[in-house]
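Listed below are the residues making up each chain.
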Amino acid sequence: MNVKKMTLSAILIAIGYILHQVVPGIPFLGGMKMDFLLVMMFFSIFLMDNYREVLAVALVCGIISALTTTFPGGQIANMVDKVITGSLVFIVYKSMGQRIPRIMKISVIAMFGTIVSGAIFLSVGLALSGAPISFMDLFIGIVLPTSVLNTVMSVFMEKIMERAGYVKVLREV
């Protein structure tokens, strides 16, 4: 991993963490908020060339998420979720090829990645905590709306990053 990619990835992850901490939840959705760290993990993965780099990014994001979670059993669930989600997102992104417009790739990956991440997190978290709440209730009430919000946020971030020269950096590395 070169220094430029490591630096940009670290900045993206730090921005995701800070935004996740300071942006309030959406009241009419039960206080739910976009998973900014997950969105930034996706953008970091887009920079990566090999699985080892993706694993490093996913582990860092998993550790940060584990340190900030309030879900019972969420520490382990976040670690498992980020590693599996990061791996799958990398495979999907690389297999999409160059013919698909970048904005379409971003949208599909944000939706797919958030749904996969949420399903894994809930499965592991509920299994560890034994919480008496339905997986399906949480999935429909939290994961699906979050996937829509993350997709919108990803498209918005792509436009911002395009203007900031992020796409140019991707081509250089």
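Every residue gets a number counted from 1 within its own chain, in the order that chain's sequence is written. Restriction of local features to residues with pLDDT of at least 70 applies here, the model being predicted, together with a cutoff of 80 or more for giving and counting side-chain atom pairs; totals for whole chains, interfaces and linings are based on all residues. Excluding hydrogens and water, the side-chain figures rest on all heavy atoms present in the structure.

Asks: If you had to explain the overall build of the chain to someone new, which residues and values would you point to?
Replies: Along the chain, the regular secondary structure elements total seven helices and zero strands. Note on conventions: DSSP H or I runs of at least 4 residues are helices, E runs of at least 2 residues are strands, and numbering of each starts at the N terminus. When the helices and strands of the chain are placed in sequence order, the string is α-α-α-α-α-α-α. The classification of residues rests on relative accessible area computed with a 1.4 Å probe and restricted to protein chains. Under 20% of the type maximum is buried, over 50% is exposed, and intermediate values are partly exposed. Looking at the chain as a whole, 45% of its 173 residues qualify as buried. Methods summary: accessible areas were calculated by the Shrake-Rupley approach with a probe of 1.4 Å, and residue burial reflects only the protein chains presented. When the accessible surface of the chain is summed, it comes to about 8700 Å², and 71% of that surface belongs to carbon and sulfur atoms.

Asks: Could you give an account of the pattern of salt bridges, naming the residues involved and the relevant values?
Replies: Side-chain pairs of opposite charge can arise whenever the charged atoms involved come near each other. The rule for a salt bridge is simple: a side-chain nitrogen of Lys or Arg has to be within 4 Å of a carboxyl oxygen of Asp or Glu. Summed over the entire model, instances satisfying the criterion amount to four salt bridges. With a shortest N-O distance of 2.5 Å, Lys 5 and Asp 49 are connected by a salt bridge. Taken as a pair, Lys 5 in helix H1 (residues 3-22) and Asp 49 in the loop between helix H2 (36-47) and helix H3 (51-68) lie far apart in primary sequence, 44 residues in all. Judged by its relative accessible area of 2%, Lys 5 falls in the buried class. Residue classification places Asp 49 among the partly exposed residues on the basis of a relative accessible area of 49%. Across the pair Arg 102 and Glu 158 runs a salt bridge, and its minimum N-O distance is 2.9 Å. Taken as a pair, Arg 102 in helix H5 (residues 102-129) and Glu 158 in helix H6 (residues 135-163) lie far apart in primary sequence, 56 residues in all.

Asks: Describe in detail the nonpolar core, supporting the description with residues and values.
Replies: Core analysis: the biggest nonpolar cluster contains 29 residues, and Met 41, Phe 43 and Phe 46 have the highest contact counts within it. In terms of residue count, the dominant contributor to this core is H2 (11 residues). When residues no more than four places from it in sequence are discounted, the contact partners of Met 41 are Val 57, Ala 58, Cys 61, Lys 82, Thr 85 and Gly 86. Throughout, nonpolar core names a set of buried Ala, Val, Leu, Ile, Met, Phe, Trp, Tyr and Cys residues whose side chains join them through atoms within 4.5 Å. Contacts are assigned to residue pairs that have any heavy atoms within 4.5 Å of one another.

Asks: Can you lay out the side chain of Thr 114 for me, pointing to particular residues and giving the numbers?
Replies: Its location among the elements puts Thr 114 in helix H5. According to the relative accessible area criterion, Thr 114 is buried, its value standing at 5%. When sequence neighbours within four positions are dropped, the list of residues in contact with Thr 114 reads Leu 38, Phe 42, Ile 109, Val 143, Thr 146, Ser 147 and Asn 150.

Asks: Lay out the packing of H1 against H2 in plain terms, naming residues and giving numbers.
Replies: Convention adopted: a line fitted to C-alpha atoms gives each axis, helices being fitted over their contacting stretch, and angles between N-to-C directions are expressed from 0 to 180 degrees. Two elements in contact, H1 and H2, have axes separated by 7 Å at closest approach and are oriented at 170°. With respect to H2, the element H1 is oriented roughly antiparallel. Across the interface between the two elements, Lys 5, Leu 8, Ser 9, Leu 12, Ile 13, Ile 15, Gly 16, Tyr 17, Leu 19 and His 20 of H1 pack against Phe 36, Leu 37, Met 40, Phe 43, Ser 44 and Leu 47 of H2. For the contact of H1 with H2, a count of residues per class yields 11 nonpolar, four polar and one charged. An angle below 35 degrees is read as roughly parallel, one above 145 as roughly antiparallel, one from 65 to 115 as roughly perpendicular, and any other as oblique. Here the nonpolar group is Ala, Val, Leu, Ile, Met, Phe, Trp, Tyr, Cys and Pro; Asp, Glu, Lys and Arg are the charged ones; every other residue, Gly included, is treated as polar.

Asks: Please give an account of the packing of aromatic side chains that cites residues and values.
Replies: Stacked, tilted and edge-to-face pairs are distinguished by plane angle, under 30 degrees for stacked and over 60 for edge-to-face with tilted covering the rest, among Phe, Tyr and Trp rings (Trp via its six-membered ring) whose centres lie within 6.5 Å. Under the counting rule described, the total for this entry stands at three aromatic pairs. Each ring, one from Phe 43 and one from Phe 46, has its centre 5.4 Å from the other, and the planes form 70°; the classification is edge-to-face. Here Phe 46 and Phe 43 lie together in helix H2, a separation of three residues that amounts to about one turn. Overall, Phe 43 belongs to the buried group, its relative accessible area being 1%. With a centroid separation of 4.4 Å and an interplanar angle of 25°, the aromatic rings of Phe 46 and Tyr 93 are classed as stacked. Placement of Phe 46 in helix H2 and of Tyr 93 in helix H4 (residues 74-95) is noted, with a sequence separation of 47 residues between them.

Asks: Which residues make up H3, and what values go with them?
Replies: Each helix should span, by expectation, one fewer than its residue count multiplied by 1.5 Å. Counted at 1.5 Å a residue, the expected span for H3 with its 18 residues is 26 Å, and the 26 Å between its end C-alpha atoms agrees. Looking only at H3, the buried set comprises Glu 53, Val 54, Val 57, Ala 58, Cys 61, Gly 62, Ile 64, Ser 65 and Ala 66. Looking at where H3 begins, the residue whose side-chain oxygen comes 3.1 Å from the main-chain nitrogen of Arg 52 is Asn 50. Under the rule applied, a polar contact is a pair of N or O atoms within 3.5 Å (in protein, one hydrogen donor and one hydrogen acceptor; residues adjacent in sequence only if both atoms are side-chain atoms).

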